[in-house]
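This is what each chain is made of:
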Amino acid sequence: MNAIDIFRLQAEYNRWMNDRLYRVCSLISDAERKRDLGAYFRSIHGTLNHLLLVDRLWLERMNGRSLPIVSLAEELYADFDELRVQRAATDDKIITQLDALSSSGLTEVVTYTSVADGRPKSLPLGMVLTHLFNHQIHHRGQVTALIGRLDHDYGVTDLIGMPGVADGSG
């Protein structure tokens, strides 16, 4: 498996897990999804919004554009159904971006201004993608913890649990 294949696998896993988590979250009341449960972005909804915001921020940066935001906690969509639709569309955009990428593209430099400290930064695209997927996994872990706290079963989260990845002999 080469680096591009690994990133594509991570993008597919990202889409699969987001779909699963949004399906479970649709069974939770809006009030419960938005309840402050002490997470960094307070709630399930806040954390899901943050993930979408940051994914869009990195997609723009990867394409040489910026996304004007005030805060990494900025709410994009208060309506859960709209958030879910936009999440799926953004996951598709990430996959499309990777489908157009060659191995040599991983060394291209992405230059941006950090939201955290306002300073200019430059990273190779391969590092940006590594960060993007690591960030998603980190915050989805927080979401699963919050879902579990509300006594909902989020199911399998392991990459090898994704259909088509492992044949079970693993």
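Provided above is the structure to which this section pertains.
As the structure is a computational prediction, the values presented were derived from the model and not from experiment.

(A) View of the overall build of the protein chain. The number of helices and strands found in the protein chain is five helices and two strands. Along the protein chain, helices (α) and strands (β) appear in the sequence α-α-α-α-β-β-α when read from the amino end. Radius of gyration (C-alpha) of the protein chain: 16 Å, near the 15 Å computed for a compact globule of 170 residues. Across its three principal directions, the C-alpha atoms of the protein chain cover 45 × 45 × 25 Å. Each of the 170 residues in the protein chain was classed as buried or not, and the buried ones make up 40%.

(B) Seen up close, the pattern of salt bridges. By the definition in use, this model includes eleven salt bridges. When the shortest N-O distance is used, the salt bridge between Arg35 and Glu32 registers 3.6 Å. Residue classification places Glu32 among the partly exposed residues on the basis of a relative accessible area of 27%. The salt bridge partner of Asp55 is Arg87, with a shortest N-O separation of 2.6 Å.

(C) Structural context of the packing of helix 1 (residues 3-25) against helix 5 (residues 125-149). Between helix 1 and helix 5, whose axes approach to 11 Å, the crossing angle comes to 25 degrees. One element, helix 1, and the other, helix 5, form an angle in the roughly parallel class. Pair helix 1 / helix 5 crosses with left-handed handedness. Where helix 1 approaches helix 5, its residues Phe7, Gln10, Ala11, Tyr13, Asn14, Met17, Asn18, Leu21, Val24 and Cys25 are matched on the opposing element by Gly126, Leu129, Thr130, Phe133, Gln136, Ile137, Arg140, Val143, Thr144 and Ile147.

(D) Region of the structure containing the packing of aromatic side chains. Applying the stated criterion across every chain, the model contains five aromatic pairs. Ring geometry for Phe7 versus Phe133: centroids 6.3 Å apart, planes at 25 degrees, classification stacked. Here Phe7, found in helix 1, pairs with Phe133, found in helix 5; they are 126 residues apart in sequence, far enough to count as distant. Accessibility assignment for this pair places Phe7 and Phe133 in one class, buried. With 4.9 Å between their ring centres and 75 degrees between their planes, Tyr40 and Phe41 make a pair best called edge-to-face. Taking relative accessible area as the criterion, Tyr40 reaches 68% and is therefore assigned exposed.

(E) Region of interest: helix 1. If you check helix 1, its first and last C-alpha atoms are 32 Å apart, about what 23 residues at 1.5 Å a residue would give, namely 33 Å. When helix 1 is considered as a whole, its buried residues turn out to be Ile4, Phe7, Ala11, Tyr13, Asn14, Trp16, Met17, Asn18, Leu21, Tyr22, Val24 and Cys25. Buried-residue contacts for helix 1 involve helix 2 (30-34), helix 3 (44-62), helix 4 (80-99) and helix 5. For helix 1, the N-terminal capping position is held by Asn2, with its side-chain oxygen 3.0 Å away from the main-chain nitrogen of Ile4.

(F) Expanded view of helix 3. Across its 19 residues, helix 3 extends 27 Å between first and last C-alpha, which sits within 8% of the 27 Å expected from 1.5 Å per residue. For helix 3, a buried count of 17 out of 19 residues is recorded, marking the element as mostly surrounded by other parts of the structure. Where helix 3 begins, the side chain of Ser43 points an oxygen toward the backbone nitrogen of His45, at a separation of 3.4 Å.

Definitions and limits used
Residues numbered from 1 in each chain as written. Predicted model: local features only at pLDDT ≥ 70, side-chain atom pairs only at ≥ 80, totals over all residues. Heavy atoms only, no water. Helix = DSSP H or I, 4+ residues; strand = E, 2+ residues; numbered from the N terminus. Rg over C-alpha atoms; globule rule 2.2 N^0.38 Å. Buried < 20%, exposed > 50% of the residue type's maximum accessible area, 1.4 Å probe, protein only. Salt bridge = Lys/Arg side-chain N within 4 Å of Asp/Glu carboxyl O. Axes fitted to C-alpha atoms, helices over the stretch in contact; angles between N-to-C directions. Parallel < 35°, antiparallel > 145°, perpendicular 65-115°, else oblique. Left-handed = near helix turned anticlockwise from the far one by under 90°. Contact = heavy atoms within 4.5 Å. Phe/Tyr/Trp six-rings, centres within 6.5 Å; stacked < 30°, edge-to-face > 60°. Expected span 1.5 Å × (residues − 1). Polar contact = N/O pair within 3.5 Å; in protein donor to acceptor, adjacent residues only side chain to side chain.

Shape descriptors only; they carry no functional weight alone.
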